[in-house]
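Examining the three-dimensional arrangement
So you can see what is in the structure, the chains are spelled out below.
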Amino acid sequence: MGALTLSQVTKSFGSTDVIKGVDLRVEDGEFCVFVGPSGCGKSTLLRMIAGLEDVTSGDVAIDGARINDLAPAKREIAMVFQSYALYPHLTVRDNMGLALKQAGVPKAEIQAATDKAAAMLSLAPLMERRPAELSGGQRQRVAIGRAIVRRPKLFLFDEPLSNLDAALRVQTRIEIARLHRDLGATMIYVTHDQVEAMTLAHKIVVLRAGKVEQVGRPMDLYNDPDNTFVAGFIGSPQMNFLKAGALGLRSDTLGIRPEHLEI
Amino acid sequence: MSQARHSITRSIAAHGVLILWTVIALFPVFVTVVNSFKSRKAIFAEPLALPGPESFDLVGYATVLKQGDFFQYFLNSMTVTVGSLFFVLLFGAMAAFALSEYRFRGNGLMGLYLALGIMIPIRLGTVAILQMMVASGLVNTLTALVLVYTAQGLPLAVFILSEFMRNVSADLKNAGRIDGLSEYTIFFRLVLPLVRPAMATVAVFTLIPIWNDLWFPLILAPSEATKTITLGSQVFIGQFVTNWNAVLAALSLAIVPVLILYLIFSRQLIRGITAGAVK
């Protein structure tokens, strides 16, 4: 219920290739994080999975079924945006229930689903308010609640924490991790913050310039990076690179993590 | 900064300028309204005096209401203005949405083409428009006026609204798409409410020239049944004799509906600004 497969997916805007052939498999129930420097195509890739951008070539499949030409609403996905993207004219309850209402779910069921999501995110006292009357953290919780209510096969998060202050960011990160545990759903999470990536992910996908550099568990990426880009990108403070020749070694570059140095 | 904000002299100076401007702007309206309540002799003797016991005269209004079918003229003006306004806002907003939201070949060119009308006065095409209206049998109908005014108002509407719609959060529209809203619902329920201040601005800018226009009613719809209020008032202006009482009374009356429409839209405008709850 919710395994995602990308095979040779590409995306071009005119003559610019933004995504250059990505192959990826995200297992059911996995928490997968896309990281990479800005402009590497991680958000574009997420939007292609969501169906907000067309796929130029290649296949996107959920549970083996090709969804390239399916409208976003029909893909059984839910997305949480960086800017929350709540409907300003609807109350919290209606914001959360809109997708179900559009799908023709009976009112009582919508009520039950929104109440349940509200309880999970402690939003119950805010249900009749409008987004304008909420704080940033509350808005982000409503946006997450809106995603939960739909019971999607796939949760997509597009830098959901970037607009929150540091304290809230940590708290919401914990909340997302807890949600993932409770729901057991497949989640794909885009961020440029490697702390988020390292703490949340089962599987990290490091992207650079539209290509996957490495896929793996956080500690595998940290301890066994495939190339200097991944080695330099993961870990803070950054890994030190030395010219291997200077030490009389045969390979090109030698990387040493700061914590492995002793003075 | 805070010094300037608290300084009384500065605040007086600012208000002085504003009041002066208001006086200048309202002066013609004031003279028109005041003189419409005076007898003909009093208008010429003391144009700036307020109507007193002996100069007070409703003869202008009596003439206006007796002569010609002024109620009908009002109705025509209202129909044309509201009708054109409706179509300008609807089609303008739709075109603006398409231009700002969808990537398609020739998008920029199309935007330029649609905005070009701002620079080219529609009156240059009067003869062609008249020929077209004659050919389609629309002369002396209000439909002709609505069509022309819609065309006249669209360029500015498309231009202003597409700029505003570009600023509506893309995430919001995408969230709607994921929730299964149709493009029409996204347009009407999400985007339009957010650009309401811009809509009000466009409405006011469209409304006033249409209401005041004399040119097209005179050429396209001069029949008794389709006269607008501006055209109707012209019957009192002759080549040799002008019935000033009636003209002033007609003009004073003509201000009222447009004022009401303006008040409605400006309230929308303020509400739109204060209800800003995008983020």
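Since the structure is predicted, the reported quantities are computational estimates derived from the model, not experimental observations. (Residues numbered from 1 in each chain as written. Chains lettered and ligands numbered in written order. Predicted model: local features only at pLDDT ≥ 70, side-chain atom pairs only at ≥ 80, totals over all residues. Heavy atoms only, no water.)

We now examine the overall build of chain A. Scanning chain A from terminus to terminus reveals eight helices and 12 strands. For 263 residues, the compact-globule formula gives about 18 Å, and the C-alpha radius of gyration of chain A, at 20 Å, lands near that figure. Along the first, second and third principal axes, the C-alpha set of chain A runs to 75 × 45 × 30 Å. Taken across its 263 residues, chain A has 52% of its residues classed as buried. Across chain A, contacts joining residues at least 24 apart in sequence account for 62% of those joining residues at least 6 apart. Approximately 12,200 Å² of chain A is accessible, and the part contributed by carbon and sulfur atoms is 50%. Counting 31 positive and 30 negative side-chain charges, chain A places the averaged centre of each group 4 Å from the other. (Helix = DSSP H or I, 4+ residues; strand = E, 2+ residues; numbered from the N terminus. Rg over C-alpha atoms; globule rule 2.2 N^0.38 Å. Buried < 20%, exposed > 50% of the residue type's maximum accessible area, 1.4 Å probe, protein only. Contact = heavy atoms within 4.5 Å. Areas by Shrake-Rupley, 256 points an atom, 1.4 Å probe, with all protein chains shown as cover. Lys, Arg positive; Asp, Glu negative; His and termini not counted. Charge placed at Lys NZ, Arg CZ, Asp CG, Glu CD.)

Attention now moves to the packing of helix H5 (residues 70–101) of chain B against helix H6 (residues 107–116) of chain B. All names here are of chain B. Running from N to C, H5 and H6 cross one another at 150°; their axes reach a closest spacing of 9 Å. Overall, the two elements H5 and H6 adopt an arrangement that is roughly antiparallel. Seen from above, H5 lies across H6 with left-handed handedness. On H6, the residues touching Ala95, Ala98 and Leu99 of H5 are Asn107, Met110, Gly111 and Leu114. Taken together, the residues of the contact of H5 with H6 break down into five nonpolar, two polar and no charged. (Axes fitted to C-alpha atoms, helices over the stretch in contact; angles between N-to-C directions. Parallel < 35°, antiparallel > 145°, perpendicular 65-115°, else oblique. Left-handed = near helix turned anticlockwise from the far one by under 90°. Nonpolar A, V, L, I, M, F, W, Y, C, P; charged D, E, K, R; others polar.)

Positionally, B:Asp171 belongs in helix H9 (residues 170–178). There is no salt bridge for the buried B:Asp171, and the closest opposite charge comes from A:Arg47, which lies 4.9 Å off by N-O distance. When near neighbours in sequence (up to four residues on either side) are disregarded, B:Asp171 contacts A:Phe81, A:Gln82, A:Ser83 and A:Ala85. (Salt bridge = Lys/Arg side-chain N within 4 Å of Asp/Glu carboxyl O.)

Moving on, we come to the sheet that holds strand S1 (residues 4–13) of chain A. Residue and element names in this part refer to chain A. The strand order S2-S1-S4-S5 describes an open sheet built from four strands, whose pairing is antiparallel. Because the sheet does not close on itself, it has two edges, and the strands there are strand S2 (16–26) and strand S5 (65–66). Two elements, S1 and strand S4 (residues 57–62), share five bridges in a ladder whose sense is antiparallel. Its bridge partner lying in S4, Leu6 is registered against Val60. Each of S1, S2 and S4 is contacted by helix H1 (residues 42–50), which is oriented at about 115° to S1, the strand it contacts most. (Pairing = 2+ DSSP bridges.)

Residue and element names in this part refer to chain A. As defined by bridge partners, S1 adjoins S2 across eight bridges and the pair is classed as antiparallel. Along S2, the bridge assignment pairs Ser12 with Asp17. What sits between the antiparallel neighbours S1 and S2 is a turn of two residues, in which Gly14 has the positive phi angle 60°.

Next up on the list: the confidence of the model for chain B. The share of residues in chain B with pLDDT of 70 or more is 94%, and the mean pLDDT across the chain is 86. Helix H7 (residues 126–135) of chain B holds the highest mean pLDDT among the elements of chain B, 93, whereas helix H1 (residues 2–6) of chain B holds the lowest, 55. (pLDDT = per-residue confidence, 0-100.)

Residues and elements named next belong to chain A. Spatially, S6-S7-S8-S3-S9-S10 is the arrangement adopted by the six strands of the open sheet, whose pairing is mixed. The outermost strands of the open sheet, each flanked by one partner alone, are strand S6 (77–80) and strand S10 (211–216). Strand-to-strand, the axes of this sheet are offset by a mean angle of 20°, without reference to chain direction. Here strand S3 (residues 31–35) runs beside strand S9 (residues 203–208); their pairing, made up of four bridges, is parallel. From the neighbouring strand, Cys32 faces S9, where its bridge partner is Lys203.

What follows concerns the domain arrangement of chain B. For interface size, the figure often reported is the accessible area lost on association. Residues and elements named next belong to chain B. Partitioning chain B into domains gives domain 1 (1–57) and domain 2 (66–274). With centres defined by C-alpha atoms, the gap from domain 1 to domain 2 works out at 30 Å. A buried area of about 690 Å², summed over both sides, lies between domain 1 and domain 2, and 64% of it is on carbon and sulfur atoms. Considering only the side of domain 1, the residues that lose the most area to domain 2 are Thr32, Ser36 and Arg40, jointly responsible for 59% of the buried surface there. The interface formed by domain 1 and domain 2 holds zero salt bridges in total. (Domains from an automatic or database assignment. Buried area = accessible area lost by both parts, 1.4 Å probe.)

Scanning all chains against the criterion turns up 22 salt bridges over all chains. With a shortest N-O distance of 3.1 Å, A:Glu53 and A:Arg47 are connected by a salt bridge. An identical accessibility class is assigned to A:Glu53 and A:Arg47; each is buried. Two residues, A:Glu53 and B:Arg103, come together in a salt bridge whose shortest N-O distance is 3.1 Å. With A:Glu53 in the loop between H1 and S4 and B:Arg103 in the loop between H5 and H6, the pair connects residues from two separate chains.

Right, let's get into the domain arrangement of chain A. All names here are of chain A. For chain A, the domain assignment lists domain 1 (26–57 + 68–229) and domain 2 (230–263). Of note, the centres of domain 1 and domain 2, computed from C-alpha atoms alone, are 35 Å apart. For the pair domain 1 and domain 2, the summed buried surface comes to about 1,100 Å²; carbon and sulfur atoms form 67% of the total. It is Gln194, Tyr222 and Thr228 that lose the most area in domain 1 upon contact with domain 2, and together they represent 52% of the buried surface on that side. Our count for the domain 1 to domain 2 interface comes out at zero salt bridges. The interface formed by domain 1 and domain 2 holds 12 residue pairs in polar contact (both at pLDDT 80 or more) in total. At the level of secondary structure, the elements contributing two or more residues to the side of domain 1 that touches domain 2 comprise helix H6 (194–200), S10, helix H7 (218–223) and helix H8 (228–233). Split into classes, the residues belonging to the side of domain 1 that touches domain 2 amount to eight nonpolar, five polar and one charged. (Polar contact = N/O pair within 3.5 Å; in protein donor to acceptor, adjacent residues only side chain to side chain.)

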